[in-house]
Amino acid sequence: MIGQIKMFSMKNVASVTLRSLVYVAMGLTAISLLGILSYILFNGVKAFKWSLIFGKFSSANPSMSFSIVTTCVMILLTLLIAVPISIFCAVYLTEYAKRKNIFVNWIRLATETLAGIPSIVFGLFGAIFFGTVMGFGYSILTGCLTVAIMLLPVIIRQTEEAVKSVPDMYREGSYGLGASKLRTVFRIVLPSAMPGILSAVILSMGRIIGETAALIFTLGTVAQLPGGLLDSSRTLAVHMYISTRDGGAAGREVAFLTGAVLIVVILCMNIGASYIGGKVGKDFEN
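Per chain, residues are indexed from 1 in the order of the written sequence. Per-residue local features are limited, in this predicted model, to residues with pLDDT of at least 70; the limit for side-chain atom pairs, both in listing and counting, is 80 or more; totals at the level of whole chains, interfaces and linings are taken over all residues. Only heavy atoms go into the side-chain values, all of them from the structure, while hydrogens and water stay out.

**A few points about the confidence of the model for the protein**
Caution applies to low-pLDDT regions: their predicted coordinates should not be interpreted in detail.
So, point 1. Per-residue confidence from the predictor is reported as pLDDT, a score between 0 and 100. Summing up the model confidence of the protein, the mean pLDDT is 83 and the portion of residues at 70 or higher is 92%.
So, point 2. Going along the chain from the N terminus, every DSSP run of H or I of four or more residues is numbered as a helix, and every run of E of two or more is numbered as a strand. Taken element by element, the predicted model of the protein shows its lowest mean pLDDT in helix H12 (residues 248-285) (74) and its highest in helix H5 (residues 119-133) (92).

**Re the nonpolar core**
So, point 1. Within this scheme, the nonpolar core is defined by two criteria: the residues are buried Ala, Val, Leu, Ile, Met, Phe, Trp, Tyr or Cys, and they are joined through side-chain atoms within 4.5 Å. Residue burial is assigned from relative accessible area. The probe radius is 1.4 Å, only protein chains are included, and a residue is buried under 20% of its type maximum, exposed over 50%, and partly exposed in between. In terms of nonpolar packing, the biggest core is built from 48 residues, with Met74, Ile75, Leu79, Leu190, Met205 and Ile208 touching the most fellow members.
So, point 2. Looking at this core, the elements with two or more residues in it are helix H2 (50-54), helix H3 (65-96), helix H4 (102-115), helix H6 (140-164), helix H8 (181-192), helix H9 (194-210), helix H11 (236-246) and H12.
So, point 3. We call two residues in contact when some of their heavy atoms are within 4.5 Å. For leucine 190, the residues in contact, after removing those within four places along its chain, are Ile87, Val91, Val163, Val185 and Ile197.

**Structural notes on the packing of H8 against H9**
So, point 1. Contact geometry for H8 and H9: axes closest at 5 Å, N-to-C directions at 60°. As the angle between them shows, H8 and H9 are arranged oblique. Two secondary-structure elements touch here, H8 through Leu190, Pro191 and Ser192 and H9 through Met194, Pro195 and Ile197.
So, point 2. Taken together, the residues of the contact of H8 with H9 break down into five nonpolar, one polar and no charged. To get an axis, fit a line to the C-alpha atoms, keeping to the stretch in contact for a helix; angles then go from 0 to 180 degrees between the N-to-C directions. Every angle not falling under 35 degrees, over 145, or within 65 to 115 is termed oblique; those three ranges are roughly parallel, roughly antiparallel and roughly perpendicular. Three categories are distinguished: nonpolar for Ala, Val, Leu, Ile, Met, Phe, Trp, Tyr, Cys and Pro, charged for Asp, Glu, Lys and Arg, and polar for the others, with Gly belonging to the last.

**Describing the domain arrangement of the protein**
So, point 1. Domain boundaries assigned for the protein yield domain 1 (2-46) and domain 2 (50-285).
So, point 2. In this entry, domain limits derive from an automatic or database-based domain assignment. Using only C-alpha atoms to locate each centre, domain 1 and domain 2 end up separated by 32 Å.
So, point 3. With six residues of domain 1 at the contact, the number on the domain 2 side is five residues.
So, point 4. Together domain 1 and domain 2 conceal approximately 500 Å² of surface at their shared face, both sides included; 86% is due to carbon and sulfur atoms.
So, point 5. Values labelled buried area give the accessible surface lost by two parts on being combined, using a 1.4 Å probe and summing over both. It is Ile40, Leu41 and Gly44 in domain 1 that bury the most area against domain 2; as a group they hold 65% of the surface buried on that side.
So, point 6. Take a side-chain nitrogen of Lys or Arg and a carboxyl oxygen of Asp or Glu: if they are within 4 Å of each other, that pair is a salt bridge. Across the contact surface, domain 1 and domain 2 share zero salt bridges.
So, point 7. Whenever two N or O atoms come within 3.5 Å, that pair is a polar contact, provided that in protein one can donate a hydrogen and the other can accept it, and provided that, for residues adjacent in sequence, both atoms are side-chain atoms. At the boundary of domain 1 with domain 2, the tally comes to zero residue pairs in polar contact (both at pLDDT 80 or more).
So, point 8. Split by residue class, the side of domain 1 that touches domain 2 holds four nonpolar, two polar and no charged.

What follows is the structure in structure tokens.
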């Protein structure tokens, strides 16, 4: 009896300790996030000027207006390239490929390998292959193609897991009603997996917005509003890096303001993606 009481008390101590560690980790994470956001936003608000956001770029006024446009164009074009390829690849791996298929094993090995390659290596590859061999040079197209390759492992793995999480009864019910395999995938499976797919897209948007090393090699650092896909420019993250490196104290203020704008852009995109995901989920339930 005494032994059981001691064992019960030890389990309680262990449970309380683990719960306390979880709360401490959660608190440290929240404090770190709030601290970083507060610091960047506070310094960004101090450096706020309308001319730095919407004005014309010059040496006296390092405006980021062209960078905002370039960042939005990069996000849209990169996702248009990467998302369809990733979804079709994930659907093949989960719905069509046979088990113990050597080709499937090679695809999974390739995606895992791509996920571990540093971004600067992707930038070097994009600069040589897309920029030099394909003749695109420093351009938005070179940057989009390079970053799209970087995003493939992330979106494929997330989409694959989202598709696997769809209950088999949904597929069986669709087949029982006479639907084909293709119709079941696009009308039943993918809409059900849409929250997971949107999570992958949101993560991808964050990586596009925050990427610098690969884009310096491919997109370039020219401070101009791009007139076409073969024009060079710079994103907000690259603009922030250049401002910090070359601008001194004034450049650091511009960098803080650029960081604050980046936070606002990411927040707006996350809210928009969540709203779209909620609408798609409601439409599917109805």
